[in-house]
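Each chain is listed here by its residues.
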Amino acid sequence: MSDQRNRPASTAGLEAVFRRELPADRWAAAETAYALAVLHREQGDWAASRTWVRQCLRLLDGFPEETEEQIATRRTAVGGVPLPGLLHEGVVRARFGDPD
């Protein structure tokens, strides 16, 4: 997906990326889970969006949040979905609400 910044990825394609990232890089997987939550919400699939919000929150749990460097995203976009500059529980909940 060389044009990830320009055109949204398919959710299935992005889920495959997530599965590859998960065992190797929890932070990248959290960024991808956030992107999947956004994509599903944009497609009107609220249940799937909430599932990915929960996944993102689970992955973020345990990461330190004391400094901006610790919560700064490493990528500007994933699968065509812009990421916030900072990613932590408060940002996720502010953008999606309570996923439960």
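All values reported here derive from a predicted model rather than from experimental measurement. Counting restarts for each chain: residues are numbered from 1 in the order of the written sequence. With pLDDT at 70 or above as the cut-off, local features in this predicted model cover only qualifying residues; side-chain atom pairs require 80 or more to be listed or tallied, and sums for whole chains, interfaces and linings still use all residues. With hydrogens and water excluded, all non-hydrogen atoms of the structure serve as input to the side-chain values.

1. What to know about the packing of helix 3 (residues 46–60) against helix 5 (residues 89–96)
Packed helix pairs are specified by the crossing angle of their axes together with the interaxial distance, meaning the distance between the axes. Every axis corresponds to a line fitted to the C-alpha atoms, with the helix fit spanning only the stretch in contact, and the corresponding angles, defined between N-to-C directions, vary from 0 to 180 degrees. Strands are runs of DSSP state E lasting at least two residues, helices are runs of H or I lasting at least four, and both sets are numbered from the N terminus onward. Taken N-terminus to C-terminus, the directions of helix 3 and helix 5 make an angle of 170 degrees; their axes are 10 Å apart at the nearest point. Between helix 3 and helix 5, the crossing angle belongs to the class labelled roughly antiparallel. Here helix 3 runs over helix 5; the crossing is left-handed. Contact residues: S49, V53, C56, L57 and L60 in helix 3; E89, V92, R93 and F96 in helix 5. Partitioning the contact of helix 3 with helix 5 into residue classes produces six nonpolar, one polar and two charged. What sets the label is the angle itself: under 35 degrees gives roughly parallel, over 145 gives roughly antiparallel, 65 to 115 gives roughly perpendicular, and the rest give oblique. Handedness of a crossing follows from how the near helix is turned relative to the far one, being left-handed for an anticlockwise turn of less than a right angle and right-handed for a clockwise one. Any two residues having at least one pair of non-hydrogen atoms within 4.5 Å are treated as being in contact. When residue character is reported, Ala, Val, Leu, Ile, Met, Phe, Trp, Tyr, Cys and Pro are called nonpolar, Asp, Glu, Lys and Arg charged, and the others, Gly included, polar.

2. Comments concerning the environment of L39
Relative to the helices and strands, L39 is located in helix 2 (residues 26–42). On the accessibility criterion, L39 (3% relative accessible area) is buried. Placed 29 residues apart in sequence, L39 and S10 show a C-alpha to C-alpha distance of 8.4 Å. Think of it in three bands: with a 1.4 Å probe and only protein chains considered, a residue is buried below 20% of the maximum accessible area for its type, exposed above 50%, and partly exposed in between.

3. Examining the nonpolar core
The nonpolar side chains of soluble globular proteins are, as a tendency, buried together. Nonpolar core, defined: a set of buried Ala, Val, Leu, Ile, Met, Phe, Trp, Tyr and Cys residues in which side-chain atoms within 4.5 Å join the residues together. Counting residues in hydrophobic clusters, the biggest one holds 26 residues, and the most contacted among them are L14, F18, Y34, L60, V92 and F96. Only helix 1 (11–24), helix 2, helix 3 and helix 5 provide two or more residues apiece to this core.

4. Quick notes on helix 1
Since there are 3.6 residues in each turn of an α-helix, residues three or four apart along the chain are aligned in direction. An expected span of 1.5 Å times one less than the residue number is assigned to each helix. For helix 1, which comprises 14 residues, the first-to-last C-alpha distance of 20 Å matches the rise-based estimate of 20 Å (1.5 Å per residue) to within 8%. Three or more residues of helix 1 are buried, namely T11, L14, V17, F18 and E21. On an axial view of helix 1, the arc spanned by its buried residues comes to 115 degrees, and they lie on one face. Away from the buried face of helix 1 by more than 90 degrees, exposed residues A12, R19, R20 and P23 are located. Summarising the contacts, the buried residues of helix 1 are in contact with helix 2, helix 3 and strand 1 (77–78). To obtain the arc, one takes the directions from the helix axis to the C-beta atoms.

5. Focus: the confidence of the model for the protein chain
The predictor rates its confidence in each residue with pLDDT, a number between 0 and 100. Looking at the protein chain as a whole, its pLDDT mean stands at 92, while 92% of the residues score no less than 70. Contacts from residues 1–5, a stretch scored under 50 in pLDDT, to residues over four places away or in other chains number six contacts.

6. Some thoughts on helix 5
Buried within helix 5 we find V91, V92 and F96. The buried side chains of helix 5 occupy one side of the element, clustering within an arc of 105 degrees when seen end-on. Close packing links the buried residues of helix 5 with helix 2 and helix 3. Of the residues flanking the end of helix 5, it is G97, one or two places downstream, whose phi is positive at about 80 degrees.

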